[in-house]
Amino acid sequence: MVEVDSTEETCAALFNQDGSGLYNNVTGWLVDVESLDQTTAAEAERLSNRLQYVEERADTGFASSIAGLRGPLKRFVEAWNTRGSFKQGSDYQQHAPQVIERCSTYLPNPTVQALQQLNKPSITGDFTADLAATGFVTEDPEFFREAMVDSICVPKETLPQYQLESNVGMSTNAPYSVEALRLVVAYDCPERSAAFEEALAAVELEKAGG
């Protein structure tokens, strides 16, 4: 039986103190990869195997987030092996902020802030277009936006963290993508971003049985 690492040990396997390390290697690869070929598939497999090693030694809740980082790497390798097509999917964008949140205690604040910046959704000023870019489709984007503002953008003085976790949990169980919810936060309550990510991490941990 593999001995479970502490959160600090898992974070040390993912990040150096300046934010470099395995996590950034994976992030950089996903951003920069332009072709599906033997070389890129080999690198995807190498990174996936390194993440798997960390995942297998992490606690259950943390392991599920690390598995989310591995998702697109595994699909990339499978696409090469089957001569299929690659779809990055949403699992990395969903789980990357959770990994940063879990490790924020063990990293300098400037490093955490820089890492969080990498995972913020791209905002053009056109909410409808940005929402469509997340892959979430709705007939009434503004109705969705207003409903989510009422659910997850309420000030902390009015909406305690446990209630935010409940609202986020219900929203993620509905046919809404995490990227769509994150976009609402970015547009309408960026000051609640950290609280939203904390609530999302708690929801994922509960779903994983942690």
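The structure presented is a predicted model; accordingly, all values stated were derived computationally and were not measured.

**Student:** An account of the overall build of the protein chain is needed here, citing residue identities and associated values.
**Tutor:** Each helix and strand counted, the protein chain has eleven helices and zero strands in total. Put simply, the protein chain runs from its N terminus to its C terminus through helices and strands in the order α-α-α-α-α-α-α-α-α-α-α. Against the compact-globule benchmark of 17 Å for 210 residues, the protein chain has a radius of gyration of 17 Å, which places it among compact chains. In terms of its C-alpha atoms, the protein chain occupies a principal-axis envelope of roughly 45 × 40 × 30 Å. For the protein chain, the proportion of its 210 residues judged to be buried stands at 43%. Across the protein chain, every contact between residues at least 6 apart in sequence was considered, and the portion connecting residues at least 24 apart equals 70%. Summed over its atoms, the accessible surface of the protein chain is roughly 11000 Å², and 49% of this surface lies on carbon and sulfur atoms. Taking the average location of the 15 positive side-chain charges in the protein chain and that of its 32 negative ones, the two points are 5 Å from each other.

**Student:** Describe the environment of leucine 14, with residues and values.
**Tutor:** The topology assignment puts leucine 14 in helix 1 (residues 7-14). Along the primary structure leucine 14 and aspartate 32 are separated by 18 residues, whereas in three dimensions their C-alpha atoms are 19 Å apart. Among all residues touching leucine 14, those that are not within four sequence positions of it are Ser20, Gly21, Leu22, Tyr23, Leu51, Val54, Phe62, Ile66 and Val99.

**Student:** Lay out the state of the cysteines in plain terms, naming residues and giving numbers.
**Tutor:** Overall, the coordinates contain two disulfides when judged by the stated rule. Shown here is the disulfide that connects cysteine 11 with cysteine 103, its sulfur atoms set 2.0 Å apart. Its torsion about the S-S bond being -90 degrees, the disulfide of cysteine 11 and cysteine 103 is classed as left-handed. On the criterion of sequence distance, the pair formed by cysteine 11 in helix 1 and cysteine 103 in helix 5 (residues 91-103) is long-range, its members being 92 residues apart. The exposure classification of cysteine 11 matches that of cysteine 103, with both residues buried. A sulfur-sulfur separation of 2.0 Å characterises the disulfide bridge that pairs cysteine 153 with cysteine 189. Across the disulfide from cysteine 153 to cysteine 189, rotation about the S-S bond amounts to roughly -60 degrees, and the bridge is consequently left-handed. Taken together, the residues cysteine 153 in the loop between helix 8 (141-152) and helix 9 (161-173) and cysteine 189 in the loop between helix 10 (178-188) and helix 11 (193-207) connect sequence positions 36 residues apart.

**Student:** With reference to specific residues and values, describe the packing of helix 8 against helix 9.
**Tutor:** At a minimum axis separation of 9 Å, helix 8 and helix 9 run at an interaxial angle of 150 degrees. Classified by the angle their axes make, helix 8 and helix 9 are roughly antiparallel. Residues Met148, Ser151 and Ile152 of helix 8 form the contact with helix 9, whose participating residues are Leu164, Asn167, Val168 and Ser171. Here the contact of helix 8 with helix 9 is built from residues that sort into four nonpolar, three polar and no charged.

**Student:** Break down the packing of aromatic side chains for me, with residues and values.
**Tutor:** Evaluation of the coordinates by the stated rule reveals four aromatic pairs. Taking NZ or CZ as reference, arginine 57 lies 3.6 Å from the ring centre of tyrosine 53, over its face. Directly above the aromatic system of phenylalanine 127 lies the positively charged group of arginine 145, at a separation of 4.7 Å from the ring centroid.

**Student:** Can you lay out the confidence of the model for the protein chain for me, pointing to particular residues and giving the numbers?
**Tutor:** Averaged over every residue, the pLDDT of the protein chain is 85; residues scoring 70 or more account for 92%. Per-element confidence in the protein chain ranges from a low mean pLDDT of 73 for helix 6 (residues 109-118) to a high of 95 for helix 3 (residues 38-56).

**Student:** Describe in detail unusual backbone geometry, supporting the description with residues and values.
**Tutor:** Positive phi is not limited to glycine here, since arginine 83 has a value of about 55 degrees. Residue position: arginine 83 is located in the loop between helix 4 (60-82) and helix 5. Overall, arginine 83 belongs to the exposed group, its relative accessible area being 60%.

**Student:** Can you lay out a negative patch on the surface for me, pointing to particular residues and giving the numbers?
**Tutor:** A cluster of acidic side chains, namely Glu139, Asp140, Glu146 and Asp150, defines a negative patch on the protein surface. Along the polypeptide, aspartate 140 turns up in the loop between helix 7 (127-133) and helix 8.

Quick notes on the rules
Residues numbered from 1 in each chain as written. Predicted model: local features only at pLDDT ≥ 70, side-chain atom pairs only at ≥ 80, totals over all residues. Heavy atoms only, no water. Helix = DSSP H or I, 4+ residues; strand = E, 2+ residues; numbered from the N terminus. Rg over C-alpha atoms; globule rule 2.2 N^0.38 Å. Buried < 20%, exposed > 50% of the residue type's maximum accessible area, 1.4 Å probe, protein only. Contact = heavy atoms within 4.5 Å. Areas by Shrake-Rupley, 256 points an atom, 1.4 Å probe, with all protein chains shown as cover. Lys, Arg positive; Asp, Glu negative; His and termini not counted. Charge placed at Lys NZ, Arg CZ, Asp CG, Glu CD. Disulfide = S-S within 2.5 Å. Axes fitted to C-alpha atoms, helices over the stretch in contact; angles between N-to-C directions. Parallel < 35°, antiparallel > 145°, perpendicular 65-115°, else oblique. Nonpolar A, V, L, I, M, F, W, Y, C, P; charged D, E, K, R; others polar. Phe/Tyr/Trp six-rings, centres within 6.5 Å; stacked < 30°, edge-to-face > 60°. Lys NZ or Arg CZ within 6 Å of the ring centre and 35° of its normal. pLDDT = per-residue confidence, 0-100. Patch = residues over 30% accessible without salt bridge, like charges linked within 9 Å, V, L, I, M, F, W, Y side chains within 5 Å. Salt bridge = Lys/Arg side-chain N within 4 Å of Asp/Glu carboxyl O.

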